[in-house]
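Listed here are the chains, written in short residue letters.
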Amino acid sequence: MPLIRRVPKRGFTNIFRTEYTVINVGDLEGLGETIDVELLVSRGRVRRGMKLKVLGDGDAPSGLTVRAHRFSASARAKIEAAGGVCEVIG
């Protein structure tokens, strides 16, 4: 039997996918009033060059301005309900 038929197949890997670094809304507390990717890189929470997605786990601090590449629907709702602003980066 040829080697290609003996080796198990393991699905599909999309080489064009966009990978995001995720951070929860609850982790944004105590980082300041304006939170963006550069601030999180300087604090060691996100690697340089990665895109950022904010997820809705935890409670949102009041009065935040968050700049990220993507927001989940629950994260956007929690930030805006606490009086904050969600800004999408290009």
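Residues numbered from 1 in each chain as written. Predicted model: local features only at pLDDT ≥ 70, side-chain atom pairs only at ≥ 80, totals over all residues. Heavy atoms only, no water.

Considerations on the pattern of salt bridges
Evaluation of the coordinates by the stated rule reveals two salt bridges. With a closest N to O distance of 3.0 Å, Arg17 and Glu19 form a salt bridge. Judged by relative accessible area, which is 47%, Arg17 ranks as partly exposed. Of the charged contacts, one joins Arg67 and Glu87 as a salt bridge, the two residues approaching to 2.8 Å between their closest N and O atoms. Residue Arg67 is found in strand β4 (residues 65-68), and its partner Glu87 is found in strand β6 (residues 85-88); the two are separated by 20 residues along the sequence. Accessibility expressed as a relative area gives 31% for Arg67, which makes it partly exposed. (Salt bridge = Lys/Arg side-chain N within 4 Å of Asp/Glu carboxyl O. Buried < 20%, exposed > 50% of the residue type's maximum accessible area, 1.4 Å probe, protein only. Helix = DSSP H or I, 4+ residues; strand = E, 2+ residues; numbered from the N terminus.)

Section: the sheet that holds strand β1 (residues 20-24)
Spatially, three strands are ordered β1-β3-β5 in an open sheet, and the strand pairing comes out parallel. The open sheet has two free edges, formed respectively by β1 and β5 (70-71), since each of these has just one partner strand. (Pairing = 2+ DSSP bridges.)

Examining the nonpolar core
If you look at soluble globular proteins, the nonpolar side chains tend to sit buried side by side. If you look at the biggest cluster of nonpolar residues, it comprises 19 residues, and the most contacted ones within it are Leu28 and Val54. For this core, the secondary-structure elements that each account for two or more residues are α2 (37-42), β3 (51-55), β4 and α3 (73-81). Per-element tally for this core: the top contributor is α2, with four residues. Every residue in contact with Val54, bar those within four places of it in the chain, is listed here: Ile23, Val25, Leu28, Val66, Ala68, Arg70, Phe71, Ser72, Ala75 and Ile79. (Core = buried A, V, L, I, M, F, W, Y, C linked by side-chain atoms within 4.5 Å. Contact = heavy atoms within 4.5 Å.)

Looking at the side chain of Ser72
Here Ser72 shows up in the loop between β5 and α3. The residues contacting Ser72, other than those within four sequence positions of it, are Lys53, Val54, Leu55 and Gly56.

Concerning the side chain of Thr21
Locating Thr21 in the fold gives a position in strand β1. Discounting chain neighbours no more than four positions away, the residues touching Thr21 are Arg45, Val46, Met50, Lys51, Leu52 and Lys53.

Examining the pairing of β4
Bridging between strand β2 (residues 34-35) and β4 involves two bridges; their strand directions are parallel. Looking at the pairing, Thr34 lines up with Thr65 of β4.

Looking at the environment of Arg67
Separated by 19 residues in sequence, Arg67 and Cys86 have C-alpha atoms that sit 6.2 Å apart. Those residues in contact with Arg67 that sit more than four places away from it in its chain are Thr34, Ile35, Asp36, Val37, Leu52, Glu87 and Ile89.

Re the sheet that holds β2
A sheet is described by the order of its strands in space; here three strands give the open sequence β2-β4-β6, paired in parallel fashion. Two strands bound the open sheet, and with one partner strand each, they are β2 and β6. Sheet contacts for α3: β4 and β6; angle to β6, the most-contacted strand, approximately 135°. (Axes fitted to C-alpha atoms, helices over the stretch in contact; angles between N-to-C directions.)

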